[in-house]
Amino acid sequence: MKHVPEGPEQAPVDSCNQRADAGLRRQAGRVRGAMVAGFIADWPGKSALTEGGIAHPAAYHMLDVAAVAERPIAPFGLDTALREVLILLVALHDIGKVNAAFREMLNTGAAQVNGRHWEVTEVYLRRFNPLHALRSTRSAQLYAAAAGHHGRPPARALDRDADRMLVAAGAQGVQDASDLIMTMQALWPDAVRAEISKDAARDLSWWLPGLVAAADWIGSNPDWFEPAKPTLDLPAYLALARQRAAVAVQKAGLDSPGPGNATLFDFGLRPMQAACAGIGLSEGPMLAVIEDETGAGKTEAALILAQRMMVAGKGRGLFFALPTMATADAMFARACDVVGRMFLGKPSVTLAHGRAGLSVPFRDLVGKDRKDEGEIVCSAWLADGRRRALLADVGVGTIDQALLAVLPTKFATLRLFGLSSKILIVDEVHELGDPYLAVALKQLLEAHKRAGGSAILLTATLPLRQRAELLAIYGGANDDPAYPALTVARGEARRDFPQAVGARGPVRVERLGDAAAAVMLLAEKVVQGAACVWVRNAVDDAIAAVEALHAAGVEADLLHARFALGDRKRIEAGVVGRFGKTGMGRAGRVVVATQVLESSMDLDFDVMVSDLAPMASLIQRAGRLWRHMQLRPYGSRPVQEPVLYVLSPDPACVEDARWMQDALDRGAYVYPQDVAWRTAERLFAAGRIVAPSGLRALIEAVEAGDAELPEPLQRAEIERIGKASAQANQGWRNTVELDNGYRMGGAAADDAEYPTRLGQPQRVLVLARRGGGQLLPWAEGVEGWALSEVTASAHRLDALPLPDQTAPEIQAVVADWPDWKRAVLCPVAEDGVICEGLRYEADRGLIFSG
């Protein structure tokens, strides 16, 4: 976090605020001597933990939180004046508790009808103006940021409400608040000398509330900050608070170790990895874009570059942002083996997504501290919530957890603060190309840059247009189509990578006209002992494909997103165990999967069939074909060459707008028809995929729309463009207005009110089985109910007579569930029936019938 002074001019201030530093120090000293019993003893900050116990003074609590905040921001390298401004504002975050209405609320439960304590904080700060050397518009931004630490900015109309709030605070409260502010100023005297530009004040207003919230959560823990009687003056108590803060920050897991430069990998570096080890780093916040084919070692390359960036002071940790929970789980397992070597001590590592608690490796890590064995740790405090997870040294999670930092949701600023000290590594960026997600990603990178953060983007198939938009956020540009490429915004661009086709060679592309042809092909390849996969666009089509294969005498596994979580984890583990890099029992086996197989699953197949999909998706899928040539080279596989068989209608024969339906059934509706046609036209004309040299041309041919679209599909293109424009506009409406600052641009909506992605509404069902006269979770073991959840289309579910949720056996289970856990509980009969038109099977998933 940096600031740029605009000049020495100062804002006009009220005469009551025009005082010299020396006078302020003398007055604060008199206040400490004469008023300690008043502004410390008379104003509790917390209720007593037990009847008759000690009520911790507000002034002491404010110093607890300030002492905590001093520790995580120390490594940011801020100049002394700016650091003291921030700590002073943290200390004053609860000055609004010096307030008769708040004290009455603690004593009797009376509502604070004229403003809650944190809203009174803003009024006090603006009235007594501790940052009187700043222009009022700048200090106002920071005062609102300090006050708005409960997940939302203050929104009172101060010209209407301020006087009423001061009356409710009481004359003694107002006087004591003024005296306490002056005393706090003397504890951080250099704050008055800070020069902060207009833009810096605006950017700090988004960052500061997160710092205050994190420090407040730690400083409010009575196990770490025991309630104290008002016997010490503030300097003496601050010394005590700093001692306690050192212990509390360590127990919370925020005592970050410094970055180290140990060698991360013991293998010979591949070209992109070597480039990341040597490319020049730009000044200030930095963005790097790594473009290379699937399986080229981009993750390792990013880690090598991130380590160098950390050592150069561009971050003190990492956050991996992945497209799905499954890919985040997989990355967590990979990262845990490496990230410990990136630090001088043991870093804290968290998994951040809605089902992190179901990850066995993460559960095994939680509770370990730096005294335990192992290279990484995770405190119970950090693991208690997805928001806190972003405060860890290393976080691995879904991109959604990062995108919530730029949506007007509660505690978005905490996420932004947590990310600001991290190298943000976004994997599979090409999967974030839909218009809504693309806008959200751009806003995230803009906010991250303004907070001083650096980022690395990984992609195999990013269009040049989107790359240019992302580089521009950090002031960079690169219009060179060379591929692979490593681009540093405002810095070096490396494009001198080997173009020779790897050991796999070109992937031949062959069209299959219908599903029956795919079944016949796979039956033939299985007999030859090939490891086969059929990637389908729709779940219903995947289930139908398995049934068709079984009818042809071919055993096939099934993987899609409509399984209960426990079954899906079991099936994914089986697929990786059979078709992964070192998988066993792959010969003559088939798996039918949907797009869940497309990203970040390290699988290797001999034969691949895929439904027609956009070019980028097909390239991603083909990356799982003949993947590990060093383990299974030419001559060792049961087929002669890698071939991508694409189930697709003929692009030369388009008679009407239903061009795809006969060949793909439900899968025809998943992707835009014009994009699918352009993909088919270009791919079948090329006849092969040549990686890496040919990938850019394939992607850009579809992106540019060079081929003339057949007349029956032109309306589909117009509709797609219109829909894309509407989605992009919704993205701009939904993301925060960074230029407005936190008070005007922030909000406190529930996370569910502002989606991180657009799509068809989904509903969650919780499956149950009957046993012992009661309903039990479908899944067994720890977190059985959570592992029994399955998600499906709300539209399709709404048309069915789902089980009556008022039934006694259902109420016996859900009566004590909290609101956030509420879902439709569905008992599954022994024959799999849930209700008319819906059934569930452990090896098929949720099946709609009729």
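Since we're looking at a predicted model, the values are computed, not measured.

About the criteria used
- Residues numbered from 1 in each chain as written.
- Predicted model: local features only at pLDDT ≥ 70, side-chain atom pairs only at ≥ 80, totals over all residues.
- Heavy atoms only, no water.
- Helix = DSSP H or I, 4+ residues; strand = E, 2+ residues; numbered from the N terminus.
- Rg over C-alpha atoms; globule rule 2.2 N^0.38 Å.
- Buried < 20%, exposed > 50% of the residue type's maximum accessible area, 1.4 Å probe, protein only.
- Contact = heavy atoms within 4.5 Å.
- Areas by Shrake-Rupley, 256 points an atom, 1.4 Å probe, with all protein chains shown as cover.
- Axes fitted to C-alpha atoms, helices over the stretch in contact; angles between N-to-C directions.
- Parallel < 35°, antiparallel > 145°, perpendicular 65-115°, else oblique.
- Nonpolar A, V, L, I, M, F, W, Y, C, P; charged D, E, K, R; others polar.
- Lys, Arg positive; Asp, Glu negative; His and termini not counted.
- Salt bridge = Lys/Arg side-chain N within 4 Å of Asp/Glu carboxyl O.
- 1 Å grid on protein atoms, 1.4 Å probe; cavity = no way out; pocket = protein on both sides within 12 Å on 5 of 7 lines; lining within 4 Å.
- Points joined across faces, edges and corners; volume = space filled by probe spheres on them.
- Expected span 1.5 Å × (residues − 1).
- Polar contact = N/O pair within 3.5 Å; in protein donor to acceptor, adjacent residues only side chain to side chain.
- Pairing = 2+ DSSP bridges.
- Right-handed = clockwise from strand over helix to strand, strands pointing away.
- Phe/Tyr/Trp six-rings, centres within 6.5 Å; stacked < 30°, edge-to-face > 60°.
- Lys NZ or Arg CZ within 6 Å of the ring centre and 35° of its normal.
- Left-handed = near helix turned anticlockwise from the far one by under 90°.

Draft legend 1. Structural context of the overall build of the protein chain. What the protein chain contains, in helices and strands, is 31 helices and 22 strands. In summary, the protein chain has a C-alpha radius of gyration of 30 Å against a globular reference of 29 Å for 850 residues, a match within 12%. Taking the principal axes of the C-alpha coordinates as reference, the protein chain spans close to 95 × 70 × 55 Å. In the protein chain, buried positions account for 57% of the 850 residues. Considering only intrachain contacts with a sequence separation of at least 6, the fraction spanning at least 24 residues in the protein chain is 76%. Carbon and sulfur atoms make up 50% of the accessible area of the protein chain, which amounts to about 33300 Å² in all.

Draft legend 2. Focus on the environment of Pro-72. Secondary-structure assignment places Pro-72 in helix 2 (residues 58-73). Here Pro-72 falls in the buried class, since its relative accessible area comes to 15%. Through-space distance from the C-alpha of Pro-72 to that of Leu-391 is 9.8 Å; in sequence the pair is 319 residues apart. Not counting chain neighbours up to four residues away, the residues in contact with Pro-72 comprise Leu-211 and Arg-316.

Draft legend 3. Main features of unusual backbone geometry. Put simply, Tyr-483 and Pro-484 share a cis peptide bond, and its omega is -5°. Here Pro-484 shows up in the loop between helix 20 (464-473) and strand 7 (485-488). A cis geometry characterises the amide bond from Ala-691 onward to Pro-692, with omega recorded as 5°. Following the sequence through the fold, Pro-692 ends up in the loop between strand 15 (688-689) and helix 27 (695-704). Even without being a glycine, Arg-490 presents a positive backbone phi close to 60°. Structurally, Arg-490 can be placed in the loop between strand 7 and strand 8 (493-494). Judged by its relative accessible area of 44%, Arg-490 is partly exposed. Here the phi dihedral of Asp-665 falls at roughly 55°; this positive angle occurs in a residue that is not glycine. Along the chain, Asp-665 turns up in the loop between helix 25 (661-664) and helix 26 (673-686).

Draft legend 4. Spotlight on the packing of helix 26 against helix 28 (residues 711-734). Here helix 26 crosses helix 28 at 120°, and the two axes come no closer than 7 Å. It follows that helix 26 is oblique to helix 28 by the angle criterion. Of helix 28, the residues touching helix 26 (which contributes Gln-673, Asp-674, Val-675, Trp-677 and Arg-678) are Leu-713, Ala-716, Glu-717 and Arg-720. Taken together, the residues that form the contact of helix 26 with helix 28 break down as four nonpolar, one polar and four charged.

Draft legend 5. Molecular detail of the side chain of Lys-422. Note that Lys-422 resides in strand 5 (residues 422-426). Salt bridges are absent for the buried Lys-422, whose nearest opposite-charge side chain, Asp-393, sits at 6.4 Å. Not counting residues up to four positions away in its chain, the partners in contact with Lys-422 are Gly-317, Leu-318, Phe-319, Leu-390, Leu-391, Ala-392, Asp-393, His-448 and Ser-454.

Draft legend 6. Local environment of the layout of surface pockets. In this structure, the second largest pocket spans a volume of roughly 440 Å³. Lining of the second largest pocket is provided by 22 residues; of these, Phe-76, Gly-313, Lys-314, Gly-315 and Gly-452 occupy positions nearest its centre. Residues that form the lining of the second largest pocket fall into these classes: nine nonpolar, ten polar and three charged.

Draft legend 7. Inspection of empty space enclosed by the protein at higher detail. In total, this model carries five cavities of 30 Å³ or more according to the counting rule given. Surrounding the largest cavity, 20 residues form its lining, Pro-72, Leu-254, Arg-316, Leu-391 and Phe-417 being those nearest its centre. Of all the elements in the fold, those that place two or more residues in the lining of the largest cavity are helix 2, helix 9 (198-219) and helix 18 (412-420). If one sorts the elements of the lining of the largest cavity by residue count, helix 9 sits on top with four residues. Among the residues forming the lining of the largest cavity, the class breakdown is 13 nonpolar, four polar and three charged.

Draft legend 8. View of the pattern of salt bridges. In total, this model carries 54 salt bridges according to the counting rule given. Between Arg-156 and Asp-161 there is a salt bridge, and its shortest N-O distance comes to 3.7 Å. Linking Arg-450 and Asp-739 is a salt bridge whose minimum nitrogen-to-oxygen distance equals 2.7 Å. Here the residue Arg-450 occupies a position in helix 19 (residues 435-450), and Asp-739 occupies one in the loop between helix 28 and helix 29 (741-745), the gap between them amounting to 289 residues. Residues joined in a network through salt bridges with shared partners are Asp-199, Arg-202, Asp-203, Glu-446, Lys-449, Arg-450 and Asp-739.

Draft legend 9. Representation of helix 10 (residues 234-252) within the structure. With 19 residues, helix 10 should cover 27 Å at 1.5 Å per step; its first-to-last C-alpha distance of 25 Å lies within 8% of that length. Taken residue by residue, helix 10 has Leu-234, Tyr-237, Leu-238, Ala-241, Ala-245, Ala-248, Val-249 and Ala-252 as its buried positions. Where helix 10 begins, the side chain of Asp-233 points an oxygen toward the backbone nitrogen of Ala-236, at a separation of 3.0 Å. Positive backbone phi, at 90°, marks Gly-253, one or two positions downstream of helix 10.

Draft legend 10. Inspection of the environment of Arg-103 at higher detail. Mapped onto the fold, Arg-103 is located in helix 4 (residues 100-108). Residues Arg-103 and Gly-173, 70 residues apart in the sequence, show an inter-C-alpha distance of 9.9 Å. Excluding residues that lie within four positions of it along the chain, Arg-103 makes contacts with Asp-42, Trp-43 and Pro-44.

Draft legend 11. Examining the sheet that holds strand 10 (residues 532-535) more closely. Ordered by their spatial adjacency, seven strands build an open sheet running 11-12-10-13-14-9-15, and the pairing between neighbours is mixed. At either end of the open sheet lies a strand with only one pairing partner, and these are strand 11 (556-559) and strand 15. With four bridges connecting them, strand 13 (residues 607-611) and strand 14 (residues 643-647) associate as parallel partners. Paired with Asp-611 across the strands is Leu-647, a residue of strand 14. Sheet contacts for helix 24 (residues 615-622): strand 10, strand 13, strand 14 and strand 15; angle to strand 13, the most-contacted strand, approximately 160°.

Draft legend 12. Main features of the pairing of strand 13. Of all five residues in strand 13, five are buried, a share of seventy percent or more. Of the two faces of strand 13, the one carrying Val-607, Val-609 and Asp-611 and the one carrying Met-608 and Ser-610 are both buried. Sheet analysis places strand 10 next to strand 13, joined by four bridges and oriented parallel. For Trp-534, the partnering residue across the bridge sits in strand 13 and is Val-609. In this fold, the crossover linking strand 13 to strand 14 by way of helix 24 has right-handed handedness.

Draft legend 13. Examining the packing of aromatic side chains more closely. For the structure on display, the rule yields twelve aromatic pairs. One aromatic cluster is present, built from ring pairs that chain together Phe-76, Trp-207 and Phe-417. Stacked on the ring of Trp-43, the Lys or Arg Arg-103 has its end atom at 4.0 Å from the ring centre. Positioned over the ring face of Phe-497 is Arg-494, at 5.8 Å from the centre of the ring.

Draft legend 14. Broad picture of the packing of helix 3 (residues 80-91) against helix 9. Closest axis-to-axis distance for the helix 3/helix 9 pair is 10 Å, and the angle between their directions is 55°. As judged from the angle between their axes, helix 3 and helix 9 are oblique. Like other packed secondary-structure pairs, helix 3 and helix 9 cross with a definite hand, here right-handed. Facing helix 3, whose interface residues are Leu-82, Leu-86, Leu-89 and Val-90, helix 9 presents Leu-204, Trp-207, Leu-208, Leu-211 and Val-212.

Draft legend 15. Up close: the pairing of strand 16 (residues 762-771). Both strand 16 and strand 18 (residues 789-793) contribute to a ladder of five bridges, which runs antiparallel. Its bridge partner lying in strand 18, Leu-765 is registered against Val-790. One ladder, built from four bridges, connects strand 16 with strand 19 (residues 824-827); its direction is parallel. Residue Ala-768 lies in a different strand from strand 19, and its bridge partner there is Pro-827. Bridging between strand 16 and strand 17 (residues 774-777) involves four bridges; their strand directions are antiparallel.

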